[in-house]
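# Structural overview
Each chain is listed here by its residues.
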Amino acid sequence: MVSRVIPVEPFDLVIFGGTGDLARRKILPALFRRFSDGQMPEEARIIGAARTEQDAAAWAKWVEKALKEFLPKAELDKALIAAFLERLDYLAIDAMGDGGWKELKGKMRDGVTQAFYFSVGPSLFGALAERLHSFEIASSDARIVVEKPFGRDLASAKALNATLAEHFDETQIYRIDHYLGKETVQNLMAIRFGNVLFEPLWNAQYVDHVQITVAEEVGVGGRGAYYDKSGAMRDMVQNHLMQLLCLTAMEPPNKFEPNAVRDEKLKVIRALDPVAPADIVRGQYKGKHSYLDDVEDPASRTESYIAMKLHIANWRWNGTPFYLRTGKCMKARGSEIVVHFKDTPHSIFEADAGSRANVLSIRLQPDEGIDLRVTIKEPGPGGMRLVDVPLDMSFADALGSDVGHVPDAYERLIMDVIRGNQTLFMRGDEVEAAWAWTDPIIEGWIERAEKPVQYETGSSGPEEALMLLHRDGRRWRDIA
Ligand code: NAP
């Protein structure tokens, strides 16, 4: 198995917010890795833009420092870094002002792909789109990349979509949800639609339930002021968990093509039943360090944890619950989608032989991988005793060392922007549908003045969330 790296077309990529945290931690290291792998052509150029007054050399120094901080030493080849830094340029531009734009226009080349990464707060998206247009910088097929949060409710998401639509066509807008760039998330689609084995079982007749977990060990830290206005529902469920749910539950698209995939995802969101208050648990971490210590409002009712039971009202999933949970200050960090299949309809073995249902888990982090547990006979004498063992689907073992490192989500997504492939990006109507589902739930909490329950820092979440499954005769998979 030989890895194939196909270089992309020459491009000019402008990173607005080029001096920010996301640029240094994710975007620039991802670009360097694609460069190291030979995917970036000779003519590729990356232009940083932010208000900070500095020249290209100063920005390049800062970028070099970021690469050294966020990439493993083994990847830091001196000559490669020097060659990468040569592709960088910088301009001081205030999104709200008129300085620097003419210079930016002067730097953009004809005949190469243009991409503008809006790695700034959403309040600046409109100003950037407007100026790219009024200074006639963006070509007719230029791409813009926007980061989360995409709105904080349906009204603000609609307003953002409308602002961007004034200057850019939907085919030019790349709304990033980095969960979609993860290797295993794409493998979920490969497994479902590239094999005959799973799809016939992928429905309420054979799937007992699905669990989707995104657990973080860290608290809100220094982001308390921002987070307290958002909470787990807005920050994680409306986007990341919803996207994972869609990919798990969607019907097979007729092609692996942007609008075909996104049409199917949209149908899942629209088929979600309203969620009863009894099917939601919201929590705040407490302990030596509590959520209320991390935010300004001592009476905050914002949730740092949420668990919910969802129903998808369609033929495929009628009667199969999807349990979602996400939280901060949990006992371990881990994100996974776990499909629990039903028991065999009838056991031919003795009652004490033991039997376990098949479980397919798709792990997104920390170690991306897929694991299918199947029941076999325990080896050795002693009659027919059943155990469940993992069927190993690790890419590294199966494909050998040629596959190299598992690329970071940002590596894939940025290259998809350059290639003009929107499959792994959220379309405007998807984002709006997700908010249309989210809004009434949040409004209900406010109307009922609901307070989150407490859970211990370093635990698996509130007791009430365990009960959410216990009452259905199920249990959460342990967060490893
Ligand atoms: P940040 O560290 O605060 O950086 C903001 C960037 O925007 C800086 O480069 C800043 O540079 C620039 N900027 C601010 N005002 C500007 C203006 N008026 N004109 C031009 N540039 C301006 O924020 P960040 O963490 O990088 O986040 C950027 C975006 O990504 C946000 O929308 C955030 O929600 C989203 N995001 C971030 C992460 C993450 O891990 N950091 C993850 C997901 C999403 P100057 O001060 O030099 O202008």
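Residues numbered from 1 in each chain as written. Predicted model: local features only at pLDDT ≥ 70, side-chain atom pairs only at ≥ 80, totals over all residues. Heavy atoms only, no water.

## Quick look at the packing of helix 1 (residues 21–36) against helix 13 (residues 409–419)
With their axes 8 Å apart at the nearest point, helix 1 and helix 13 run at an angle of 70° to one another. Here helix 13 runs roughly perpendicular to helix 1, going by the angle between their axes. On helix 13, the residues that touch L22, K26, I27, A30, L31, R33 and R34 of helix 1 are Y410, E411, I414 and M415. Considered class by class, the residues forming the contact of helix 1 with helix 13 number 7 nonpolar, no polar and 4 charged. (Axes fitted to C-alpha atoms, helices over the stretch in contact; angles between N-to-C directions. Helix = DSSP H or I, 4+ residues; strand = E, 2+ residues; numbered from the N terminus. Parallel < 35°, antiparallel > 145°, perpendicular 65-115°, else oblique. Contact = heavy atoms within 4.5 Å. Nonpolar A, V, L, I, M, F, W, Y, C, P; charged D, E, K, R; others polar.)

## Comments concerning a nonpolar patch on the surface
Where nonpolar side chains cluster on the molecular surface, the patch consists of I348, F349 and M384 and spans about 310 Å² of accessible area. If you trace the backbone, F349 turns up in the loop between strand 11 (334–341) and strand 12 (359–365). (Patch = residues over 30% accessible without salt bridge, like charges linked within 9 Å, V, L, I, M, F, W, Y side chains within 5 Å. Areas by Shrake-Rupley, 256 points an atom, 1.4 Å probe, with all protein chains shown as cover. Salt bridge = Lys/Arg side-chain N within 4 Å of Asp/Glu carboxyl O.)

## Some remarks on the side chain of R325
Secondary-structure assignment places R325 in strand 10 (residues 322–327). For the buried R325, no salt bridge is present, and the opposite-charge side chain at shortest range is E336, 5.4 Å distant. Of the polar contacts made by the side chain of R325, one reaches the side chain of T213; its length is 2.9 Å. (Buried < 20%, exposed > 50% of the residue type's maximum accessible area, 1.4 Å probe, protein only. Lys, Arg positive; Asp, Glu negative; His and termini not counted. Polar contact = N/O pair within 3.5 Å; in protein donor to acceptor, adjacent residues only side chain to side chain.)

## A word on the environment of A56
Its location among the elements puts A56 in helix 2 (residues 56–70). In contact with A56, not counting residues within four places along its chain, are D89 and Y90.

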